[in-house]
Amino acid sequence: MSYEKHHITIDADQVALHRFYKSNNDVPVLLLHGSIENGKIFYTKGGKGLAPYLSQLGFDVYVPDMRGKGESMPKVSSKHNHSQFEQITVDIPRYLEKIKNIRPFSKIHFGAHSWGGVLLLGYLARFNDKRVCSMVSFGTKRKIYIKTLQKKLLIDLGWSWLGRFAISKKGYFPAKDWKLGAENEPKNFYLQTDIWLKSNDWIDSIDGFNYKESIRGLNLPPTLYINGIKDRVLGNPSDVQQLIDETGANKNTQTLLIGKRNGNLANYGHIDMLTHPKAPSDHFPAVAEWFKRFD
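Okay, so let's go over this structure. (Residues numbered from 1 in each chain as written. Predicted model: local features only at pLDDT ≥ 70, side-chain atom pairs only at ≥ 80, totals over all residues. Heavy atoms only, no water.)

Turning our eyes to something else, we now look at the overall build of the protein chain. Scanning the protein chain for helices and strands turns up ten helices and ten strands. The C-alpha atoms of the protein chain give a radius of gyration of 18 Å, which matches the 19 Å a tight globule of 295 residues would have. Dimensions of the protein chain along its principal axes, counting C-alpha atoms only, are 50 × 45 × 40 Å. The proportion of buried residues among the 295 residues of the protein chain is 56%. Expressed as a percentage of contacts within the protein chain between residues at least 6 apart in sequence, the contacts between residues at least 24 apart total 73%. (Helix = DSSP H or I, 4+ residues; strand = E, 2+ residues; numbered from the N terminus. Rg over C-alpha atoms; globule rule 2.2 N^0.38 Å. Buried < 20%, exposed > 50% of the residue type's maximum accessible area, 1.4 Å probe, protein only. Contact = heavy atoms within 4.5 Å.)

Below is the structure:
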């Protein structure tokens, strides 16, 4: 396996793009992380994680750190104005442009963790990119419908109430500062995420684009939704199914619930479905098989 780090200049930001590969003969894979995290959800510098795993099988894998996160600079602060609108309309197209400059392609696979899947779906809703031949999403929901005590504490109190209070004081959501996540979140990005988590509508607050209306009219690429049996709030299987219903499932949409009762080696939660040491021998092969099936 070879590793390279590339940089993409977007406005005042230097975005880090991590590449894992053995050759560039296979269809490339773009893996996008979610909110309050960075690309390391998919890899370690020691060669562990989904990105190195796929590269050992011959996939050419690209993992960006969103603006201000991971090895992208400058870090998130009160001066950072990055929002979901820019991520969908500017940054994802720039990732794809950079990958094509590194190695030409006519087809590409998408993979995502958590909110990264919502952003990739938002990109497809706007651009209907036919080069995307398949997708795999880990713990991806758009709205949280469940009503449990854990959800009230984690989302209603911790994320929404405390988050908005923090933004009024600091100018960004200090998830990393307060040890609530791997990264801090820019103010506008956080506020737009918070709206989408609660609303039946799926509308961009910047330009009014209706993602739900647009995406329902598309023939989305074959998508595998992987859910952890212990992921009870951030990627609850019932909320994942609501997203599938909202976007319009086709015959090539499948779900995979990973846990011991379904024959897996561990009961997985929202994060360790990608970081657990047993994942490469457990459900990572299903990801590779999905991508190969739809090359």
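Let's shift gears to the pattern of salt bridges. Within the structure shown, the criterion is met by 19 salt bridges. Asp129 is the partner of Arg131 in a salt bridge, and the nearest nitrogen-oxygen pair spans 2.8 Å. Classification of Asp129 by relative accessible area gives buried; the value is 10%. For Asp194, the salt bridge goes to Lys198, with nearest N and O atoms at 3.1 Å. Of this pair, Asp194 and Lys198 both sit in helix H5 (residues 187–198), four residues apart, roughly one helical turn. With a relative accessible area of 0%, Asp194 lands in the buried category. (Salt bridge = Lys/Arg side-chain N within 4 Å of Asp/Glu carboxyl O.)

This brings us to empty space enclosed by the protein. Tallied over the full model, the rule gives one cavity of 30 Å³ or more. Within this model, the largest cavity holds a volume of roughly 50 Å³. In terms of lining, the largest cavity is formed by Leu220, Pro221, Thr223, Tyr225, Ile244, Thr247, Gly248, Ala249 and Thr253. Those elements that place two or more of their residues in the lining of the largest cavity are strand E9 (223–228) and helix H7 (237–247). The residue inventory of the lining of the largest cavity, partitioned by class, reads five nonpolar, four polar and no charged. (1 Å grid on protein atoms, 1.4 Å probe; cavity = no way out; pocket = protein on both sides within 12 Å on 5 of 7 lines; lining within 4 Å. Points joined across faces, edges and corners; volume = space filled by probe spheres on them. Nonpolar A, V, L, I, M, F, W, Y, C, P; charged D, E, K, R; others polar.)

Right, let's get into unusual backbone geometry. Residue Pro74 is reached from Met73 by a cis peptide bond, and omega for that bond is -5°. Locating Pro74 in the fold gives a position in the loop between strand E4 (60–64) and helix H2 (84–102). One non-glycine residue, Asp11, lies in positive phi territory at about 55°. Mapped onto the elements of the fold, Asp11 is located in the loop between strand E1 (2–10) and strand E2 (13–21). In the Ramachandran plot, Lys179 falls in the positive-phi region, its phi being about 60° despite a non-glycine side chain. Structurally, the position occupied by Lys179 is in the loop between strand E7 (172–173) and strand E8 (185–186).

On to the pairing of strand E5 (residues 108–113), then. Counting buried positions along E5 yields six of six residues, so the element is predominantly enclosed. Sheet topology note: the E5/strand E6 (residues 132–138) ladder contains six bridges and is parallel. Its bridge partner lying in E6, Ala112 is registered against Ser137. Once the chain exits E5 it traverses helix H3 (residues 115–127) before rejoining the sheet at E6, and the crossover so formed is right-handed. (Pairing = 2+ DSSP bridges. Right-handed = clockwise from strand over helix to strand, strands pointing away.)

Each regular strand carries side chains that alternate between the two faces of the sheet. The buried fraction of E6 is high, at seven of seven residues. Sheet topology note: the E6/E9 ladder contains four bridges and is parallel. Residue pairing for E9: Val136 is matched across the bridge by Leu224.

With that settled, the discussion passes to the environment of Met273. Within the secondary structure, Met273 is located in helix H8 (residues 272–275). The class for Met273 is buried, based on a relative accessible area of 0%.

Looking at where His33 falls in the secondary structure, it is placed in the loop between strand E3 (28–32) and helix H1 (50–56). Between the alpha carbons of His33 and Ala112 there is a distance of 5.8 Å; along the sequence they are 79 residues apart. Other than its neighbours up to four places away in sequence, His33 contacts Asn38, Gly39, Ile41, Phe42, Pro64, Asp65, Met66, Lys69, His113 and Gly116. At 3.1 Å, the side chain of His33 forms a polar contact with the backbone oxygen of Glu37. Only 3.0 Å separates the side chain of His33 from the backbone nitrogen of Met66, close enough to count as a polar contact. (Polar contact = N/O pair within 3.5 Å; in protein donor to acceptor, adjacent residues only side chain to side chain.)

What follows is about the layout of surface pockets. Reported here for the largest pocket is a volume of approximately 670 Å³. Taken together, 30 residues make up the lining of the largest pocket; nearest its centre are Ser35, Ile36, Leu180, Leu234 and His270. Broken down by element, the residue count for the lining of the largest pocket peaks at six residues, all from helix H4 (residues 149–170). For the lining of the largest pocket, the residue count by class is 15 nonpolar, nine polar and six charged. Reported here for the second largest pocket is a volume of approximately 170 Å³. Classifying every residue of the lining of the second largest pocket by side-chain character gives two nonpolar, four polar and six charged.

Any link to function would need more than the numbers given here.
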